[in-house]
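Structural overview
Chain residues, written in single-letter form:
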Amino acid sequence: MLGFIIQRFLQAAMVMAVMSVIVFCGVYAIGNPIDIVIPPEATQDIREEAIRRLGLDRPLYEQYFIFISNLLQGDLGRSFVYNIPVLELIGGRLPATLELVLISVIAATILGVSLGIYAGYRPDSRISKTIMAVSVLGFSVPSFWVGLILILFFAVNLGWLPAGGRGETTEIWGVAWSFPTPNGLSHIVLPAVNLALFKLAMMIRLARAGTREIMLTDTIKFARAAGLSETAILRRHLLKLISIPIITIFGLELGSTLAFAVVTETIFSWPGVGKLIIDSIGVLDRPVMVAYLILVAFLFVTINFVVDLVFALIDPRIRHGVSK
Amino acid sequence: MSNNSTPLRRFWAEFRENKISVLALVVVVLLILLALFAAVVSPQNPYDLANLSLMDSRRPPGFVGSGGYIHVLGTDPQGRDLLSAIFYGLRISIQIGLAAGFVSLTIGTALGITAAYVGGRIEALIMRLVDLQLSFPAILLALVIVALLGQGKAQLIGALVAAQYAYFARTAYGAAKAERGKDYIEAALATPLSGRLVVMRHLLPNCTPPLIVVATVQIANSISLEATLSFLGLGLPVTEPSLGMLISNGFPYMMSGRYWISVYPGVALIILIVAINIVGDQVRDQFNPRLRK
Amino acid sequence: MTDPVLSVKNLSTQFFTRAGVVKAVDSVTFDLAKGEIMGLVGESGSGKTVTGFSLLGLVDAPGRIVEGSVKLNGTELTTLSQKDLRTRRGREISMIFQDPIATLNPMLTVGQQVRLAIDAHEKLSHRAADARATELLSQVGIPSASVRLRAYPHEFSGGMRQRVAIAIALLHRPSVIVADEPTTALDVSIQAQILFQMRDLAAETGTAMIWISHDLAVVSSLASKLAVMYAGRIVEQGPTATLLRDPRHPYTAGLIASLPATAKPGTPLTQIPGTTPSLLSLPPGCPFAPRCDRSTDRCEVKPQITLQESRGWRCFHPVEKNAEVLA
């Protein structure tokens, strides 16, 4: 078990190292790197000072180590626009995004897995066919378009829900959250639905495919032959077996939902990191872009690491170090 | 049960059984024709600024503008006839989707087959990179690349390719690797038959069915991704709006009830994407032996 | 003779696929007395497993029983609702499968899985159920059973896993067990152990057994009667000794001739030429005719069963032992 954790941790560290090289190349190798960290209107003095500080006059491998050591000290530069350290800027926006992403992914998973299991268990029923048709639609229709329609219907035409912003927030552990206040909650509904729909379609497909496959296995046949009730088969056997693919996807989807939040946050003016990065790209606030990339990479690696740990907890074969 | 002569005929006979798929195929063909002949079927050339009048901007469907004809779907903020703009936008969306799809197909297939054929360190290197990239959301990658490269058609296609080639590489690699391991390939390589022949005769044909499936899905994805990037203001220049840009242009007016500027281009976009996906699903089902009970 | 515990008449199961109708089981008829062991022999794809599933009502869509009757302890199973059928599965009739790795759930402990099988038919306290599970596992030969209850399937060897599956199948002392090649996936040394242990357990509990196998040698050492399946039909059945000594159907004769033990040392083993026909496109007559050296024009019609004392066969040109000796 411990060996497994160490092995996975080293793997995560490796991926992070590769990512840092890619980001370094992407940012420092394309174009003139000094333009990326210094605003175009900066004076000659500032330029030269920055070149020296970042070591841009040194060989490339030394530059990489300077980049890494700055990174490890949490120094990712200052935003041109807000003139505060980017880490602080992004840190301030992160709770809004996390709140939105977590609510969406959890809701999509619970609902999607239930519907998917039903559709996989009774593939020929009319309800299942409806579920699948809706999921094909949710899969195909671009997410920004769904957001638009949600605003048109629920905000503009019906006037039930606000179309943008975070609404009232309340502080928990010194961080502002929307979901505990009624007004904040009403603001979170539409963006969360928007973000969740695509994931919902995905979860339905996955749970359905998994269910169909599992129901045909000898494990289920044997359980039936032993006279287990369908409820016992679904609750004890199926749910346990399907948890493996679901958790894998849950982790991956958490990461990709962070990315998709870019679109949803822009549509609903949700003040999270996604909106920040789009705004930053618009005004070429490059330090923010670099920091965002590294943050996302870091979150990805962390999520994958955590998923592996959860696996080890729920799957006895991994817990005991048996290779699958 | 039909035993028609060619595989293509048999494929079509099976395809024809699903009425919805046939309908979707008809829609796709129709939309491609509309895009090809946009200049003929449109009442107006929406890219010719001399044609546009601000007097006509943001008018509802059915409005008769200064051109003297009915704007069936209304006009956009620049005074373009929306129907014409949709036809032209369709053209750009399909162009970019196809271009990005084919370039990714070529690059991805080349990488995947190379990895499977050569093996060893090169295989490990290519596939590790591909897997790393696949775990990263395509939209984010495209976003960053567009941000780094700047706006324009070529840059946009480049970003879409970078975001999508990995899917093709994975697919081609999987199919080629399975075939590469078979005894007859080893035997073929032991004879003076050149390696190129093995790749062209054996590996490539075996990758074709799964690649066709991935290609349909990825063309639809390219179109959707392009629309998303354009909507975020990171796609094409405003002068030649794609469907995503048209939707984006209309978005601010939605709050004031002028829904048509965003909604109609969106409907066109969705019909296009859903139709391609339905055709893709059908093709995938027909290629998948596990679903053939 | 007493009433049979299991009586199967004209059982036919078909799969309705896109490619056509697969006649997996065709007019299968046999009786099984209390405690009797019957061997069901045939090549893979001959419909043995589907026959087993049909008895328990476990045929998955797109397949279903189209005709025939299965009477278990006097109750007709084919017309029973799924709910009533379930209360009989595991209690009156149960089944074990070929691959013990695939049958046990890797995510649940062995104890949990035994518990689920107990709970399916009985209300027992936690402690009583554990005691019952321990007793059963020791009975099938699992050492320190009470500790092993907390272990997961992957912590057992292949043979031990199959013993767990056997324990679950025997849990409620069913009248009939369908054993679908339960030793095929195991090492040869363990095969024999399990084989005879099952025979003894069945004898102890009075359980009748249908032992499905492609291996005539294994089955004949165990079963008191045999049914030989070919392309979904039972082509010959009768007491094991009679069938082995004096086969009537050319296919049975071929199977016996290809047994290594019947061959003279130094001579090549006999083979049956050709391959099993596809169940999708069976010939209208005897399905074995294309491979049979005795076939004539008559074989283009389906041969009906010929009964003689305790045995029966479906063939127009049965092998006559005496005739061959004379020739």
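Residues numbered from 1 in each chain as written. Chains lettered and ligands numbered in written order. Predicted model: local features only at pLDDT ≥ 70, side-chain atom pairs only at ≥ 80, totals over all residues.

**Section: the overall build of chain C**
- Counting secondary structure elements, chain C contains twelve helices and twelve strands.
- A compact globule built from 327 residues should have a C-alpha radius of gyration of about 20 Å, and chain C, at 21 Å, falls within 12% of that.
- Structurally, chain C occupies a C-alpha span of about 70 × 50 × 45 Å along its principal axes.
- Counting only contacts in chain C whose residues sit at least 6 apart along the sequence, the fraction spanning at least 24 positions is 65%. (Helix = DSSP H or I, 4+ residues; strand = E, 2+ residues; numbered from the N terminus. Rg over C-alpha atoms; globule rule 2.2 N^0.38 Å. Contact = placed C-beta atoms within 7 Å.)

**Overview of the overall build of chain B**
- If you tally the helices and strands in chain B, you get eleven helices and two strands.
- Each helix and strand of chain B, ordered N terminal to C terminal, gives the series α-α-α-β-β-α-α-α-α-α-α-α-α.
- Classification of the 293 residues of chain B by burial places 47% in the buried group.
- Of all intrachain contacts in chain B linking residues separated by at least 6 positions in sequence, the fraction that spans at least 24 positions is 67%. (Buried ≥ 20, exposed ≤ 12 C-beta atoms within 10 Å, placed from the backbone.)

**As for the sheet that holds strand β3 (residues 37-41) of chain C**
Residue and element names in this part refer to chain C.
- Strand order across the open sheet formed by eight strands is β6-β7-β8-β3-β9-β10-β12-β11, with mixed pairing between neighbours. Pairing within the sheet leaves two strands with one partner each, and these edge strands are β6 (93-96) and β11 (306-308). Direction aside, neighbouring strands of the sheet carry axes that sit 20° apart on average.
- As defined by bridge partners, strand β10 (residues 233-239) adjoins strand β12 (residues 311-313) across two bridges and the pair is classed as antiparallel. Paired with Gln-237 across the strands is Gly-312, a residue of β12.
- Strand contacts of helix α7 (residues 158-170): β6 and β7 (176-180), with the helix running at about 170° to β6, the strand carrying the most contacts.
- Against the sheet, helix α11 (residues 250-257) makes contact with β9 (225-230) and β10, and its axis sits at roughly 105° relative to β9, the strand it touches most. (Pairing = 2+ DSSP bridges. Axes fitted to C-alpha atoms, helices over the stretch in contact; angles between N-to-C directions.)

**Let's talk about the packing of helix α6 (residues 138-149) of chain B against helix α7 (residues 153-180) of chain B**
Residue and element names in this part refer to chain B.
- Direction vectors running N to C along α6 and α7 enclose 145°, while the axes themselves pass 8 Å from each other. By crossing handedness, the relation of α6 to α7 is classed as right-handed. Contact residues: Ala-138, Leu-141, Ala-142, Ile-145, Val-146 and Leu-149 in α6; Gln-155, Leu-156, Gly-158, Ala-159, Leu-160, Ala-162, Ala-163 and Gln-164 in α7.
- Split into classes, the residues belonging to the contact of α6 with α7 amount to eleven nonpolar, three polar and no charged. (Left-handed = near helix turned anticlockwise from the far one by under 90°. Nonpolar A, V, L, I, M, F, W, Y, C, P; charged D, E, K, R; others polar.)

**Let's talk about the sheet that holds strand β2 (residues 20-32) of chain C**
Residues and elements named next belong to chain C.
- In spatial order, the strands read β2-β1-β4-β5; together these four strands make up an open sheet with antiparallel pairing. Of all the strands in the sheet, the pair left with one neighbour each is β2 and β5 (75-76).
- Pairing between strand β1 (residues 6-17) and strand β4 (residues 63-72): eight bridges, direction antiparallel. From the neighbouring strand, Ser-7 faces β4, where its bridge partner is Lys-71.
- Sheet strands in contact with helix α1 (residues 48-56) are β1, β2 and β4, and its direction is about 70° off that of β2.

**What to know about the environment of Glu76(C)**
Residue and element names in this part refer to chain C.
- Locating Glu-76 in the fold gives a position in strand β5.
- Residue Glu-76 is classed as exposed on the basis of its 11 C-beta neighbours within 10 Å.
- Residues Glu-76 and Ser-7, spaced 69 residues apart in sequence, show a C-alpha to C-alpha distance of 9.3 Å.
- Not counting residues up to four positions away in its chain, the partners in contact with Glu-76 are Ser-69 and Lys-71.

**Here's the deal with the environment of Ala151(C)**
All names here are of chain C.
- The topology assignment puts Ala-151 in the loop between α6 (145-148) and α7.
- Of the residues examined, Ala-151 has 17 C-beta atoms within 10 Å and is grouped as partly exposed.
- Expressed as a C-alpha distance, the spacing of Ala-151 and Thr-109, which sit 42 residues apart in the sequence, is 5.4 Å.
- The contacts of Ala-151, once residues within four sequence positions are left out, are Thr-109, Val-110 and Phe-156.

**Considerations on the nonpolar core**
- Ranked by size, the top nonpolar core spans 251 residues in total, and within it Ala142(B), Leu143(B), Ala167(C), Val176(C), Ile210(C), Trp211(C) and Val228(C) carry the most contacts.
- Taken domain by domain, this core gets at least three of its residues from each of domain 1 (6-92 + 172-313) and domain 2 (106-171) of chain C.
- Leaving out residues up to four positions away in the same chain, Trp211(C) has contacts with Ile37(C), Met38(C), Gly39(C), Leu40(C), Ala179(C), Val219(C), Leu222(C) and Ala223(C). (Core = buried A, V, L, I, M, F, W, Y, C linked by C-beta atoms within 7 Å. Domains from an automatic or database assignment.)

**Some remarks on unusual backbone geometry**
- For Ser269(A), which is not a glycine, the phi torsion comes out positive at approximately 45°.
- You can see Ser269(A) is positioned in the loop between α10 (230-267) and α11 (273-282).
- Notably, Ser144(C) is not glycine yet its phi reads approximately 40°, a positive angle.
- Owing to 10 C-beta atoms within 10 Å, Ser144(C) belongs among the exposed residues under this scheme.

**Brief notes about the confidence of the model for chain C**
- Here chain C shows a mean pLDDT of 85. Residues at 70 or above account for 96%.
- Scored as a whole, the predicted complex attains pTM 0.78, and scored at its interfaces, ipTM 0.86. (pLDDT = per-residue confidence, 0-100.)

**Points about the pairing of β4(C)**
Residue and element names in this part refer to chain C.
- Of the strand pairs in this sheet, β4 and β5 are connected by two bridges, and their pairing is antiparallel. What sits directly across from Leu-72, in β5, is Thr-75.
- Where β4 folds back onto β5 in an antiparallel hairpin, the turn is made up of two residues, including Asn-73, whose phi is positive at roughly 50°.

**Some words on helix α6 (residues 126-140) of chain A**
- Across its 15 residues, α6(A) extends 21 Å between first and last C-alpha, which sits within 8% of the 21 Å expected from 1.5 Å per residue.
- For α6(A), the complete set of buried residues consists of Ile131(A), Ser135(A), Gly138(A), Phe139(A) and Ser140(A).
- Buried residues in α6(A) make contact with α5 (86-121) and α8 (182-215) of chain A together with α11 (260-287) of chain B. (Expected span 1.5 Å × (residues − 1).)

**Overview of the domain arrangement of chain C**
Residues and elements named next belong to chain C.
- Annotation of chain C at the domain level lists domain 1 (6-92 + 172-313) and domain 2 (106-171).
- The gap between the C-alpha centroids of domain 1 and domain 2 is 29 Å.
- Facing 14 residues of domain 1, the contacting portion of domain 2 comprises twelve residues.
- A total of six residues in the side of domain 1 that touches domain 2 trace back to one element, the largest contributor, which is helix α8 (residues 188-205).
- Residues of the side of domain 1 that touches domain 2, tallied by class, amount to eight nonpolar, four polar and two charged.

**Description of the interface of chain A and chain C**
- Every contact between the two is made by 22 residues of chain A and, on the other side, 29 residues of chain C.
- Put simply, the parts of the chain that give the side of chain A that touches chain C at least two residues each are α9 (218-225), α10 and α13 (316-319) of chain A.
- Ranked by the residues each element gives to the side of chain A that touches chain C, the list is headed by α9(A), at six residues.
- Its residues assigned to classes, the side of chain A that touches chain C shows nine nonpolar, six polar and seven charged.

**Some thoughts on helix α7 (residues 143-157) of chain A**
All names here are of chain A.
- Spanning 15 residues, α7 covers 20 Å between terminal C-alpha atoms, matching the ideal 21 Å at 1.5 Å per step.
- Its maximal kink placed at Ile-151, α7 deviates by approximately 25°.
- Here α7 has its buried residues at Ser-143, Phe-144, Trp-145, Val-146, Gly-147, Leu-148, Leu-150 and Ile-151. (Bend = angle between axes of the 7 residues up to and from the residue.)

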